[in-house]
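Coordinate inspection notes
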Amino acid sequence: MSSNGICDRVAIVGMGCTNFGEHWDKSASDLLIDATESAYKSAGVDAEQVDAYWLGTTGSGVSGLTASLPLKIQYKPVTRLENMCATGSEALRNAAYAVASGAYDLVCAFGVEKLKDSGFSGLTGTAPPGDGTDSGLTAPANFSLLAPAYCKKYGVDEDTMKDVMSKIAWKNHYNGARNDRAQFKKEVPIEKIKASPKIAGMLGIFDCSGVSDGAAAAIVCRAEDAHKYCDNPIFIKALSFVAGPAEGSMRQDYDFTTFPEVVASAEDAYKQAGITDAREQISMAEVHDCFTPTELVLMEDLGFSSRGQAWQDVVDGRFELKGDQPINPDGGLKSFGHPIGASGLRMMFEMWLQLRGEAGPRQIDNPKLGLTHNLGGAPGRCVSFVSVVGPAS
Amino acid sequence: MAGIVSYGTYIPYFRLTREAIGAGRGERAVASYDEDSASMAVEASRDALRNAGGAPDQILFSSISPPYAEKLNAATIQAGLNLSKHIGGVDVGGSSRAGLSAIGLGLDLASAGRKPLVVASEVTVGAPGGARESGGGDGAVAFTFGADDDAIATEIARASNTEEFLDAWRTPEMAFPSQWEERFGANIMVPIVVDVLTRVLEAAACEASDISKVILDGTNPRVTRTVLAGAKLAPEQIADDLSSSVGRTGTAHAGLMLANVLDQASAGDKILVMCGADGADALLLEVTDKIDSRRPPHSVSRWLEAKRSDLPYNAFLKWRGVLPFEPPRRPDPARPAAPPMPRAEGWKFGFVGGRCTSCGAANLPPQRVCVMCGSVDEMEDEPYADADCKIATYTLDHLAYSLQPPVVAAVVDFEKGGRINCQLTDMDPEQVKIGDELEMTFRRMYTAGGVHNYFWKARPKR
C-alpha cells in the first residue's frame, strides 16, 4: 500500500466536543450546533470564514442538509459521509485532504450521532434490501470471537483473559471518571466488571461500550495558515484508512487474533509519519475499544505490544494513565459510548487537549505524538482508520 | 404397476414431554423455532433423494400446515433441494389423509412413467390443553417412485373412500382445529375403514393374516382401536403408531409409520398402510429385495435417539406463536426483499457455493472476484449442502433476536475448503466446543412482514 501522506501540511486550529450521554432534551441538530459553535469559538472564526464541511453520521441524517439546515450554512459544500465506526475520523481525513489540495483554505469536519432515540440496546444498522442470508449476529458476538482465539493461540487461560479484559474496562472507566464529558464518570470496581451479566461469549456488559448521543467538530487549515487562528495548533502527521476484502470471513487461515486491516493502516500511517517504533514513539493513543478484547488485540496490531504480549502489558499497567503508554486517556468508548459519527472526532479532541496541555486531571506528562484509531465491521471483515498527530516538527 | 424407489424421514430434535403439559406419558416431537413444514420437507427429501437413482420430475408437497397459504411451497422445496427447475410442483392438503393420498398419486404418476417425489410434512398445533396439542407431533417423510423393477416396495392393491362429515376441521380464520366428539366420528369412520380394508384385501386376494405389518393412522383414536381389535391381527402385525415417541404428524404420519416399518422390513413383507380422515385410503405394498441397499442414512429410530427432551412448555407455545411474549430491545429482523432472493437463489436455498476454476479456492458465498487469487468471473458452482464441516470458533450471542436465546454463532470451516459465519441449531449451548463436527440443515431463519426467510444453519451431526 502506498500513501504519500500530508505530514505536517495540515493543522487543526480549533475543536469542540459535546458531553456524551443520554441527551433526551437535545436533537442531533442541537448537538451539532453545540459542537460546531464551540469549535468556531475555539478557532476564533465565524461561519462565514469556513469554506466547506464534511459531516460524519451513520444514521442521524442523510446529505449535507443534516448540517446546513440547522446551522444555516450559506450555500457551501457540505458532504455527508459514512464509513461504519470510522465515520467521524473519515470526516476529518477528507476535510484535511481538501485543504492540503488547496481547493479550500479553512474547513470543518464534524460528526454527530443520536443513538438513544431508537430505544434499542446496542448499535443497529440500516441494511439495504437483502436476500436474508446474513448471519444476524450482533457486534458483541462478532468481537467476542477474539477472546477464545487469543487464549488458544498464546496459551492464556480463560481466567487470566477475563482478568485482562476486566482490567482494560477498569482502566477506561478510571480515566472516564476524570472527564466531565464522559457518559460514565465513575470508576467501576474490577470485581463488578468481572461479575457483570453475559452479553456474548466471554463478554459481560462491562466489556462492551455504551450507547450514547454526542457530537464533535474540528476546524482545519493548511499548516502555514495555522497560526493565523491559533497559538497552539496540532499538526497532522498521518491519516490512513483501509477497507479490507473481508478475507477472514471466507478464508480458513484467519485465526481471529488480529485485524489485518488495522495492521495495514498502522503500517501506512507510520510510514507517513516516519515512525519506526510505535511502542516507543507514540506517547498516547485513543483506540477503538468497542469491546475489551478489541483493545487488547489492537495493542499488538498497532505495534504497541509484541505479538502475544499485550495481555502481559495490560497486567503490568503499561496502558494506564500513569503508565508508559496511556491508552484511551479520556475514557474511551467504554466511558463515552459510541455515537458513531462523533467518536473519531471525540478521540481527536482528547489529542487536542493533551497536546495543548489542557487535559486537566488526565494530563499526560509532555506528550509528543498521539494516535487515534477506529475500526468498523467485525473481525475478519472490517475497515480501519489510524491517524498520528503532534506538535510542529 | 409401480412402486416406492426410495424414502427418507425427518424428526426434529426437540421433544415436549407430556408430563410437562400434564397430559400423560411419552413425548411428542417438536419442530424447532426455526423449522416449518417446508424446511422439514427439505430435510426428509434430502435423505430420500440419496437413494433415488436420479432426480425427480415432479414434487408433490402434502401438508395441512403449509408455510404459505398462497405461494407454492413445493417451489421452496425444489430450491432447497437444488433440483432442476424443469419439474412440476404441486401442494396438496385439506385433510391429514392427504399424505397417504399423495403417495397414491405418486404411484399413479410413476405408472405413467414419471419420477415423482412425494413429501409430507407437518407442524401440528392444537389449542393448549387439548388432545391435538399433546397427541400431535412434528415431522416429515419423503418417497420417490418409479417402475416396479426398480422399487423397494411395489403396489399390490389400493382402495379409497371419501366421506363428507364433520370430523376434524379448521377454517382459515381459526387458530386451532376443532374435532367433533370421538364417539360420533367412530360411528361414521369405523365402517369406512373396515370397508377399505376389506376391499384392498379382496383385490389382493389376501387374508389379514398374510400381512406382515398393518399401519392404521387417523384422526380418531377410537376408530384405530376398534378396527385393529376387530381385524383379528396378532400383536406383532400391528405397526408402532409412534404416539409415545413422536405424536401424530398429520399428513406425514401414515408415511412416517410406513418408513419406520420399511426400516426393519425384509423382502417379501406385505405392508398395509391405511389412513382414516374424511374417509379412508388403504394401500397394500410388497417389499422387494432392493430394500437392503436403499435404506436412508437416517432411520426413524436414529432420529428418535438424537433428541433433546427438556423443552419447556412455554418455549413450545412461543415457538408456535400461541403465547405472546416480550420482544428484545432490538429491531425486528428485516423482511427479505423479492429481487435479491432469486439473484442469490443457489446460495440461499440450495447452499451452492463457488469454486475458482483458476486457483481452486472455495468461495462462500460465491464471489465474482476470487477471495484467494483475485480472478474475475472464473467461478463454478459447487454444492455445499452435504459438505462436512467443523467449528473453527464460536460464541453465544445473548443480544441477537431469537426465539431461543442465546443464538449460537460459529465460524464454520468446510473440509473441502471454504468458511462461513453461521448460526448453529439443534444443540445444547453448554455442550458446544471448537472442533465439533457439524452438518448443514435448511431452516426458516425468521418470518418478517409475512415473508418466511429460509437459509441454512449448521447443527451437530445427528
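About the cut-offs
Residues numbered from 1 in each chain as written. Chains lettered and ligands numbered in written order. Predicted model: local features only at pLDDT ≥ 70, side-chain atom pairs only at ≥ 80, totals over all residues. Helix = DSSP H or I, 4+ residues; strand = E, 2+ residues; numbered from the N terminus. Buried ≥ 20, exposed ≤ 12 C-beta atoms within 10 Å, placed from the backbone. Contact = placed C-beta atoms within 7 Å. Rg over C-alpha atoms; globule rule 2.2 N^0.38 Å. Pairing = 2+ DSSP bridges. Core = buried A, V, L, I, M, F, W, Y, C linked by C-beta atoms within 7 Å. Axes fitted to C-alpha atoms, helices over the stretch in contact; angles between N-to-C directions. Expected span 1.5 Å × (residues − 1). Parallel < 35°, antiparallel > 145°, perpendicular 65-115°, else oblique. Left-handed = near helix turned anticlockwise from the far one by under 90°. Nonpolar A, V, L, I, M, F, W, Y, C, P; charged D, E, K, R; others polar.

Remarks on the overall build of chain A
Counting secondary structure elements, chain A contains 14 helices and 11 strands. In terms of principal-axis extent, the alpha carbons of chain A reach across some 60 × 45 × 40 Å. The proportion of buried residues among the 393 residues of chain A is 63%. In chain A, once contacts between residues fewer than 6 apart in sequence are set aside, the share between residues at least 24 apart is 78%.

Some words on the overall build of chain B
If you tally the helices and strands in chain B, you get 11 helices and 21 strands. Relative to the 2.2 N^0.38 estimate, which gives 23 Å for 462 residues, the radius of gyration of chain B is 22 Å and therefore close to what a compact globule would have. The dimensions of chain B, computed from C-alpha atoms along their principal axes, are 70 × 50 × 35 Å. Residues classed as buried in chain B amount to 52% of the 462 residues present. If you take every contact in chain B between residues at least 6 apart in sequence, the share linking residues at least 24 apart comes to 71%.

Let's talk about the pairing of strand β7 (residues 213-222) of chain A
All names here are of chain A. Of all the 10 residues making up β7, 9 are buried; the element is thus mostly covered by neighbouring parts of the structure. In terms of strand pairing, strand β1 (residues 10-17) meets β7 through 7 bridges, oriented antiparallel. Bridge pairing links Gly16 to Ala217 in β7.

Notes on the interface of chain A and chain B
At the interface, 32 residues of chain A touch 35 residues of chain B. Elements with a minimum of two residues in the side of chain A that touches chain B: α4 (139-144), α5 (146-154) and β5 (198-200) of chain A.

A look at the nonpolar core
Soluble, globular proteins show a tendency: their nonpolar side chains are buried together. Residues Ala109(A), Phe110(A) and Ile215(B) are the most contacted members of the largest nonpolar core, which totals 268 residues. A per-element tally of this core places helix α14 (residues 340-355) of chain A first, with 10 residues. Not counting residues up to four positions away in its chain, the partners in contact with Phe110(A) are Leu32(A), Ala35(A), Thr36(A), Tyr53(A), Leu55(A), Ala67(A), Ala91(A), Ala215(A), Ala216(A), Ala217(A) and Leu345(A).

Brief notes about the sheet that holds strand β16 (residues 379-383) of chain B
All names here are of chain B. Ordered by their spatial adjacency, 3 strands build an open sheet running β15-β14-β16, and the pairing between neighbours is antiparallel. At either end of the open sheet lies a strand with only one pairing partner, and these are β15 (362-363) and β16. Where strand β14 (residues 352-356) meets β16, 5 bridges bridge the pair, whose relative direction is antiparallel. If you follow Gly353 over to β16, its bridge partner there is Glu382.

Observations concerning the sheet that holds strand β8 (residues 234-243) of chain A
All names here are of chain A. If you trace the 9 strands from one edge of the open sheet to the other, you get β3-β2-β4-β7-β1-β8-β11-β10-β9, paired in mixed fashion. Looking at which strands have only one partner, the edges of the open sheet turn out to be β3 (78-81) and β9 (282-286). Between one strand axis and the next, the sheet turns by 25° as a mean value, whatever way the strands run. As paired strands, strand β2 (residues 52-56) and β3 are joined by 4 bridges and run parallel to one another. Directly across from Leu55, in β3, lies its bridge partner Arg80. Sitting on the sheet, helix α3 (residues 87-101) is in contact with β1, β2, β3, β4 (106-114), β7, β8, β10 (369-378) and β11 (381-390), with an inclination near 170° to β4.

Some remarks on unusual backbone geometry
All names here are of chain B. Residue Leu364 is joined to Pro365 through a cis peptide bond whose omega torsion reads -10°. Structurally, Pro365 can be placed in the loop between β15 and β16. Between Pro405 and Pro406 the backbone carries a cis peptide bond, its omega angle lying at -5°. Relative to the helices and strands, Pro406 is located in the loop between β17 (389-397) and β18 (407-414).

A closer look at helix α1 (residues 37-50) of chain B
Three- or four-residue spacings in an α-helix give side chains the same orientation, since the helix completes a turn every 3.6 residues. Its 14 residues give α1(B) an end-to-end C-alpha distance of 20 Å, which sits within 8% of 20 Å, the value for a rise of 1.5 Å per residue. Counting buried residues in α1(B) gives 13 out of 14 residues, a clear majority hidden from the surface.

Considerations on the environment of Ala159(B)
Residue and element names in this part refer to chain B. Mapped onto the elements, Ala159 comes out in strand β8 (residues 153-162). Judged by the 20 C-beta atoms lying within 10 Å of it, Ala159 is buried. Each C-alpha atom, one on Ala159 and one on Arg46, is 30 Å from the other, the two residues being 113 residues apart in sequence. Sequence-distant contacts of Ala159, defined by excluding residues within four places in its chain, comprise Val196, Arg199, Val200, Ala203 and Ala282.

Topic: α14(A)
Given a rise of 1.5 Å per residue, 16 residues ought to cover 22 Å, and the 24 Å separating the end C-alpha atoms of α14(A) matches this to within 8%. Within two residues after α14(A), Gly357(A) carries a phi angle of roughly 70°, on the positive side.

Quick notes on the environment of Gly214(A)
All names here are of chain A. Structurally, Gly214 is set in strand β7. Gly214 gets classed as buried once you count the C-beta atoms within 10 Å, which come to 33. With 191 residues separating them in the primary sequence, Gly214 and His23 have C-alpha atoms 8.0 Å apart. Not counting the four nearest positions on each side in its chain, Gly214 is found in contact with Thr18, Phe20, Leu31, Glu113, Pro339, Ala342 and Arg346.

So, the packing of helix α5 (residues 182-204) of chain B against helix α6 (residues 221-230) of chain B
Any two packed helices are characterised by the angle at which their axes cross and by the distance between the axes. Residue and element names in this part refer to chain B. Closest axis-to-axis distance for the α5/α6 pair is 8 Å, and the angle between their directions is 45°. With respect to their mutual orientation, α5 and α6 come out oblique. The chirality of how α5 crosses α6 is right-handed. Taking contact as the criterion, the partners of Glu182, Arg183, Gly185, Ala186, Met189, Val190, Val193, Val194 and Leu197 in α5 are, on α6, Arg222, Val223, Thr226 and Val227. Residue composition of the contact of α5 with α6, by class: 8 nonpolar, 2 polar and 3 charged.

Thoughts on the packing of α5(A) against helix α6 (residues 158-176) of chain A
Residue and element names in this part refer to chain A. With their axes 10 Å apart at the nearest point, α5 and α6 run at an angle of 125° to one another. Accordingly, the angle class assigned to the pair α5 and α6 is oblique. As for the relative orientation of α5 and α6, their crossing is right-handed in sense. Within the contact between the two elements, α5 uses Ala147, Tyr150 and Cys151 and α6 uses Glu158, Met161 and Met165. Residue classes in the contact of α5 with α6 are distributed as 5 nonpolar, no polar and 1 charged.

Side note on the environment of Val78(A)
For Val78(A), the position within the fold is in strand β3. Sequence separation of Val78(A) and Gly204(A) is 126 residues, and the distance between their C-alpha atoms is 40 Å.

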